[in-house]
Every structure is written in C-alpha cells, then in structure tokens.
Amino acid sequence: MKYLCLVYCDETLLHGLPESPADAECMAYANAIHDSGRMLAAEALKPVQTATTVRVRGGQTSLTDGPFAETKEQLAGFYLVEARDLNEALNIARGIPAARVGSVEVRPVRELQP
Amino acid sequence: MPGSEAVRAAIDQVYRDESRRILATLIRLLGDFDLAEEALHEAFFTAVERWQRDGIPASPRAWLVSTGRFKAIDGLRRRARFERSPEALRQALERLEADDMNVEELEDDRLRLIFTCCHPALAADAQVPLTLREVCDLTTEEIGRAFLLAPATIAQRIVRAKAKIREAGIPYQVPARDELPERLDSVLRVIYLVFNEGYSASSGETVVRDELCAEAIRLGRLLRELLPDPEVLGLLALMLLQASRTRARNAGEGELVLLDAQDRSLWDQVLIAEGCALVQQALCTQRFGPYTLQAAIAAVHAEAATAQDTDWAQIVGLYEVLLRGWPSPVIELNHAAAVAQRDGPLAGLALIEGILQRGDLRDYQPAHCARAELCRQLGRQDQAREAYRTALGLTRQAPERRFIERRLQVLQAISRR
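Here the structure is a predicted model, which is why all the values come from computation and not from measurement.

Parameters and conventions
Residues numbered from 1 in each chain as written. Chains lettered and ligands numbered in written order. Predicted model: local features only at pLDDT ≥ 70, side-chain atom pairs only at ≥ 80, totals over all residues. Heavy atoms only, no water. Pairing = 2+ DSSP bridges. Helix = DSSP H or I, 4+ residues; strand = E, 2+ residues; numbered from the N terminus. Core = buried A, V, L, I, M, F, W, Y, C linked by side-chain atoms within 4.5 Å. Buried < 20%, exposed > 50% of the residue type's maximum accessible area, 1.4 Å probe, protein only. Contact = heavy atoms within 4.5 Å. Expected span 1.5 Å × (residues − 1). Arc of directions from axis to C-beta. Polar contact = N/O pair within 3.5 Å; in protein donor to acceptor, adjacent residues only side chain to side chain. Axes fitted to C-alpha atoms, helices over the stretch in contact; angles between N-to-C directions. Phe/Tyr/Trp six-rings, centres within 6.5 Å; stacked < 30°, edge-to-face > 60°. Lys NZ or Arg CZ within 6 Å of the ring centre and 35° of its normal. Buried area = accessible area lost by both parts, 1.4 Å probe. Salt bridge = Lys/Arg side-chain N within 4 Å of Asp/Glu carboxyl O. Left-handed = near helix turned anticlockwise from the far one by under 90°. Nonpolar A, V, L, I, M, F, W, Y, C, P; charged D, E, K, R; others polar. UniProt positions renumbered as here; feature names shortened; annotations may be inferred. Parallel < 35°, antiparallel > 145°, perpendicular 65-115°, else oblique.

Peer 1: Where do I start with the pairing of strand 3 (residues 52–57) of chain A in this structure?
Peer 2: Both faces of the sheet carry side chains from a regular strand, because those side chains alternate between them. Looking at chain direction, strand 3 of chain A and strand 4 (residues 60–65) of chain A are connected through six bridges and run antiparallel. The partner of Thr-52 of chain A across the bridge, within strand 4 of chain A, is Asp-65 of chain A.

Put into structure tokens, the structure is as follows:
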C-alpha cells in the first residue's frame, strides 16, 4: 500500500530547538528510505507564508494568500512511501528526524476507481 | 450416528471452547473481520446439518475452519459476479484459493487477534470493546452494560475500529521482537482496563462487574500461555491477588472495605498462592516492569496475617523501585501512604502535602482522603475535616461518598466531646 506521511511542525520551532534536525540529517534519512526501495517521493516545504490557496467555485477561481487553515502546526514536508502495511509505514514515520520536534500524520492513499 | 440432541450439545461445546480460535484463524485467512465473522456463523450453521448426517468430525476445529473458508470463497465468487468493481474481490479470492492452511500458524492466530484489537493506531476507547467483542465474544449489549454506555455507542466504536483496520492496512500479525515491548504494553493496558472496570468502579450490576474481572483474568491466562513475558506474568499475578480480596472488600450493599479493615479469612488463598508464585517467577527473570512490581506489593499484603503484620519496609522499598523506573503522581501518593505506615503519619503527610503543593493530584479524591486520614491520626481535626470535605466534592461514586461522610461524622463526634 501507499502511505503519505505528512510532517507537521510549529515553523517557529522547526529549526530552533536543540533537537531540531539539520538538513544533512533529513537528507540522510530520505536517502536511507530511498535505498530501501520504499520511497516514492519526499520533499520539504518552504514556510507557510509562501502558501497560496486556490479554490474554484462555479467556474470562478479565487486565490487567497496563506494556507488552507491557520493551525498551530504547519505542513513542513512529506514522504510518499510504499509499505507492506501500516506498521511498516509507522516505522518509516517514526524515523523522520522532524518527528522529534513536530508530528507526522500517516495516511493510506486511496486508489481512485477508474 | 449421534442423536440430534447430542450433536447440538457437541456444537454448543465446540462453540464455547473454540469459536474465538476459529474466528482468529478465519480473520487471517480472509483478511477481514466482518467476512470472517460471517464465515464463522455459516460454518457453525452448516455443522448442525452435516454433523447430524455424517457424524462429528475427528477435528471439529479444522472442519469448521475449512468449511468457513469454503463458505467465504463461495460468497466472494457470488459477489464478484454481481458487483461492478470485482478487482479487490478477485484478488482476495486468488489469495484465499492459493493459501494452504498452515497448521503451525493456528496457535499464533489468537495472539494475532489480540495484538490487532489492541493496536495503538486504534482509538483508545475502541481497543477495549473490540477486544471484548472479538477475543472474548461478549455481545455489544454486555459490553455496554459493563461500561454504562449504550450498546449502539459500543457498536459504533467497534465498526469504526474495524474500518480503520481494513482501510489503513493494520496488519494481522504478532509484532516483531523490537516492537514487542511497546505493543505488549498496549495489550496489557487493555486487559488491566477491563479488570479495573470490573474491580474498582462501584456503579452498575455486581454480576456484570465480576464477569469483567473474570474475563480479564481469562485474557491474562491466555496471554501467558501464548507469550509468557515477565510482565504478562506480573499483570496476571496482580489481577489474581486483587481478585483474591473481592469478598472481603464488599461489605454488602455495595460498601467498600479498605485493606486494613478487611476480614482476611475471606481472602481467596488459592488465588493468592497462584499470584504469589507468578510474582516470584516474574521477579526471577530480572526483566520485570511496573505490573510485576505492583503485583509484588500486593503479594506482601497478601502474606500478612493481619494488617499490623504488614512488612511496610518492603512495600516502601518496592514503591521506590517503581518510582525510579515508572514515576507517576499516583505511585508517589501510594509511596507516601506506605511511608506513613513505616515511619509514622508526620513523615507520610509531609510527602503528600509536597505532591499536592506541586499541583499534581489536586483533583484526585484519594489524595485528599489520605491527607485527611493522616491529619486525623495527628489530632489535627480541622485540617482533617477540610480535607475530607474536599474529597467529598471530588467523588462521584455513592459508596465512596458514604465512606467519606461516615468519616466526617466520626470527626464531628470527636470535636463535640
């Protein structure tokens, strides 16, 4: 199954705590998951101030500055992985360095029905 | 050929003894809780007719598993023919038809079922009902009665949990060795919750409550048989030792009798002997945890012929080990109460006031009761009364309230003299 691991963190703390991961550690972990053959994609995101939200209603597009929802913790990055089951996905998630300062939501991917 | 009465009796017996094991295996084979339950019922339904005609099979369990599996395959084939998106069904069928029944795995199936029902990814309030429903075969009505919740609420939690197992891909397996301690914690917690719901809460029907305790002990025994980890022994010992006092603890009309006032001749010596032996066994492994230590404390109480004979020094020592490894305010309170017994009320009171001043346990009724009792022993009647009143405001259970009210009346009588 495919699982999306969404990494959430208070952006003001992401890089500022003693246990905050440096980029090198994050890259090393992503490489390790990649080498295990379970990585489909993973990226870190720029801060939430750079977000723009798009909605289309009645054919009209509206753009708003900022994220979909104002929350205490923001989406900071993601891993899309292929895992045998939830346990394997959770194991990948617990190793993500940012889990030490934020939280990782693990969601199974729904296969669209053609 | 056995008579129809004999066959029915045999089927009832097999259902009681084996239905959970058969269900556990069918869930593994079918990969779905609901499908497995349907298959289980169809298998038993078929048995009524076939065993009448062909006699009771040599291995009823194997017969029922294989019949349940065939029934499920039939059902899936029928559905695959009628439903629009048969891809998932086709895959399930292929897997099922290819899967030879692996006999060695059968014993592990019950353990798989327990670990899956107690998976930490499931909502905490769903783990207990799911375990009671699937592993213990309690009905949602029975679970609802025991937890004072509507059966519909229980059913809804179970349905949601099963949906999550299916949709999120929670595997049906015993965790790997490196995950075992963490996952086992979750299983032990569920079993102890079931026990405590039966043991401590004093509302609801006593019969249902005793059944919950018995069910938790049964689960503990099953787990020991399947996975004799030291903490599994420790939890079973703790439950047996607490259960040994059930008769002495209830003074009729739902009144609670505290440990030091209990008639110890009412303690169940058979349970005590088994509990103490398990504690020894767990302590010998040197890999024990908090359940074993709590059981060891219960064992020290169990070994004292009278409340005065209690080896408080040993109990204080055990609480200190517990506090070092698994600190919690409640354990700290129990430690303080033991210190009061060993070194006198003044020493215990200082510890309890320290905990309360920190802000921990300020809303915890037993902390105020303990403080009140020590104040009373020290002749500080006003403080004792004040603490009992605080406790009274925090309690929601009738027997506890009556207990505190009686204490307050005694204090009033003293101050009037």
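There's plenty left to go through after this.
Peer 1: How do you make sense of the nonpolar core when you look at a structure like this?
Peer 2: Within soluble globular proteins, side chains that are nonpolar generally end up buried alongside one another. Formed by 124 residues in total, the largest nonpolar core has its most connected members in Tyr-79 of chain A together with Phe-195, Leu-223 and Met-239 of chain B. Excluding anything up to four places from it in sequence, Leu-223 of chain B contacts Leu-111, Ile-114, Leu-184, Val-187, Leu-188, Ile-191, Pro-228 and Val-232 of chain B. If you look at the next biggest cluster of nonpolar residues, it comprises 21 residues, including Leu-349, Ile-352, Cys-375 and Leu-411 of chain B.

Peer 1: Looking at this structure, I do not really get helix 13 (residues 269–284) of chain B. What am I missing?
Peer 2: Along an α-helix, residues three or four positions apart point the same way, because every turn accommodates 3.6 residues. All names here are of chain B. Taking 1.5 Å per residue as the helical rise, helix 13 with its 16 residues ought to reach 22 Å, and the 22 Å between its terminal C-alpha atoms agrees with that figure. Residues of helix 13 that are buried include every one of Leu-271, Ile-272, Gly-275, Cys-276, Leu-278, Val-279 and Ala-282, and no others. The arc that holds every buried residue of helix 13, seen down its axis, measures 165°, which confines them to one face. Every exposed residue of helix 13 that faces more than 90 degrees away from the buried side is listed here: Val-270 and Cys-284. Taking the backbone nitrogen of Val-270 as reference, a side-chain oxygen 3.0 Å away marks Asp-268 as the first, capping residue of helix 13. One or two residues past the end of helix 13 sits Gln-286, with phi positive at roughly 65°.

Peer 1: Teacher, can you tell me more about the sheet that holds strand 1 (residues 2–9) of chain A here?
Peer 2: Across a sheet, strands are paired by hydrogen bonds formed along the backbone, either parallel or antiparallel in direction. Residues and elements named next belong to chain A. Spatially, 2-5-1-6 is the arrangement adopted by the four strands of the open sheet, whose pairing is antiparallel. Lying at the two open borders of the sheet, with one neighbouring strand each, are strand 2 (39–44) and strand 6 (103–108). The mean inter-strand angle of the sheet, taken between neighbouring strand axes irrespective of direction, is 20°. Here strand 1 runs beside strand 6; their pairing, made up of six bridges, is antiparallel. Bridge pairing links Tyr-8 to Ser-103 in strand 6. Set on the sheet, helix 3 (residues 86–95) makes contact with strand 1, strand 5 (74–82) and strand 6; between it and strand 6 the angle comes to about 155°.

Peer 1: Would you explain the packing of aromatic side chains in this entry?
Peer 2: Given two aromatic rings, one states the distance between the centres and the angle between the planes to describe the pair. All names here are of chain B. Counted according to the given criterion, the structure contains seven aromatic pairs over all chains. An angle of 75° between the planes, with centres 5.4 Å apart, marks the rings of Trp-51 and Trp-63 as edge-to-face. One end of the pair, Trp-51, is in helix 2 (residues 33–54); the other, Trp-63, is in helix 3 (residues 60–82), with 12 residues separating them in the sequence. The class of Trp-51 is buried, set by a relative accessible area of 1%. Taken together, a centroid distance of 5.3 Å and an interplanar angle of 20° make the contact between Phe-195 and Tyr-199 stacked. Here Phe-195 pairs with Tyr-199, and both are found in helix 9 (residues 180–199), just four residues apart, close to one helical turn. For Phe-195, a relative accessible area of 0% puts it in the buried group. Ring-pair connections join several aromatic residues into one group, and the members of that group are Tyr-192, Phe-195, Tyr-199 and Tyr-291. Looking at Arg-245, its charged tip hangs above the ring of Trp-267, at a distance of 5.7 Å from the centre.

Peer 1: What is the right way to look at the interface of chain B and chain A in this model?
Peer 2: Put simply, an interface is often sized by how much accessible area is lost when its parts join up. Chain B puts 12 residues into the contact, and the matching count from chain A is 11 residues. Together chain B and chain A conceal approximately 800 Å² of surface at their shared face, both sides included; 45% is due to carbon and sulfur atoms. Three residues stand out in chain B for area buried against chain A, namely Ala-168, Pro-171 and Glu-179 of chain B, and they jointly supply 41% of the buried area on that side. Of the charged contacts in the structure, one is a salt bridge between Glu-182 of chain B and Arg-94 of chain A, with a shortest N-O distance of 3.3 Å. Joining chain B to chain A, the criterion identifies five residue pairs in polar contact (both at pLDDT 80 or more). Counting only elements with at least two residues in the side of chain B that touches chain A, the list comes to helix 8 (151–168) and helix 9 of chain B.

Peer 1: Teacher, can you tell me more about unusual backbone geometry here?
Peer 2: Residue and element names in this part refer to chain B. One non-glycine residue, Gln-286, lies in the positive phi region at around 65°. Tracing the backbone shows Gln-286 in the loop between helix 13 and helix 14 (290–303). Overall, the relative accessible area of 65% leaves Gln-286 in the exposed class. Unusually for a residue other than glycine, Leu-361 sits at a positive phi of about 65°.

Peer 1: Hey, could you run me through the environment of Val-48 of chain A in this one?
Peer 2: Residues and elements named next belong to chain A. You can see Val-48 is positioned in the loop between strand 2 and strand 3. Note: C-alpha distance between Val-48 and Pro-67 (19 residues apart in sequence) is 6.4 Å. The residues touching Val-48, leaving out its near neighbours within four places in the chain, are Glu-11, Pro-67 and Gln-74.

Peer 1: Could you clarify how one ought to interpret the packing of helix 11 (residues 230–243) of chain B against helix 14 of chain B in this entry?
Peer 2: Residues and elements named next belong to chain B. Between helix 11 and helix 14, the shortest axis-to-axis distance is 7 Å and the interhelical angle comes to 35°. Crossing angle aside, the handedness with which helix 11 passes helix 14 is left-handed. In contact with Pro-230, Glu-231, Gly-234, Leu-235, Ala-237, Leu-238 and Leu-241 of helix 11, helix 14 contributes Pro-290, Tyr-291, Thr-292, Gln-294, Ala-295, Ala-298, Ala-299 and Ala-302. Here the residues of the contact of helix 11 with helix 14 sort into 11 nonpolar, three polar and one charged.

Peer 1: Which parts of the structure should I look at to understand the UniProt feature "domain: RNA polymerase sigma-70 region" (unreviewed entry) in chain B?
Peer 2: As annotated in UniProt, the feature "domain: RNA polymerase sigma-70 region" (unreviewed entry) corresponds to residues 15–81 of chain B in the numbering used here. Structurally, residues 15–81 of chain B is divided into 90% helix and 0% strand, and its ends, taken at the C-alpha atoms, are 32 Å apart.

Peer 1: How do you make sense of the UniProt feature "domain: YCII-related" (unreviewed entry) in chain A when you look at a structure like this?
Peer 2: Taken from the UniProt record, the annotation "domain: YCII-related" (unreviewed entry) applies to residues 1–112 of chain A. The distance from the first to the last C-alpha atom of residues 1–112 of chain A is 13 Å, and the span holds 24% helix and 37% strand.

Peer 1: Looking at this model, I keep getting lost on the packing of helix 14 of chain B against helix 15 (residues 312–325) of chain B. Mind explaining?
Peer 2: Two numbers describe a pair of packed helices, the interaxial angle and the distance between the axes. All names here are of chain B. One way to put it is that helix 14 packs onto helix 15 with a least axis distance of 10 Å and a crossing angle of 170°. Of the possible angle classes, the one that applies to helix 14 and helix 15 is roughly antiparallel. Listed contacts from helix 15 to Pro-290, Leu-293, Gln-294, Ala-296, Ile-297, Val-300 and His-301 of helix 14 are Trp-312, Gln-314, Ile-315, Leu-318, Tyr-319, Val-321 and Leu-322. Residues that form the contact of helix 14 with helix 15 fall into these classes: 11 nonpolar, three polar and no charged.

Peer 1: Honestly, the pattern of salt bridges in this entry has me stumped. Any pointers?
Peer 2: Note on pairing: side chains with opposite charge can pair once their charged atoms come close. One pass over the structure, following the stated rule, counts 30 salt bridges over all chains. One salt bridge connects Arg-100 of chain A with Glu-25 of chain A, and the closest N-O pair in it is separated by 2.9 Å. Taken together, the residues Arg-100 of chain A in the loop between helix 3 and strand 6 and Glu-25 of chain A in helix 2 (residues 23–35) connect sequence positions 75 residues apart. Judged by its relative accessible area of 34%, Glu-25 of chain A falls in the partly exposed class. Between Arg-112 of chain B and Asp-109 of chain B there is a salt bridge whose closest N-O contact spans 2.6 Å. With Arg-112 of chain B and Asp-109 of chain B both in helix 5 (residues 105–117) and three residues apart, the pair spans about one turn of that helix. One exposure class covers both Arg-112 of chain B and Asp-109 of chain B, and it is buried. Connected through salt bridges with shared partners, the residues Asp-32, Asp-34, Glu-37, Glu-134, Lys-162, Arg-166 and Glu-167 of chain B form a single ionic network.

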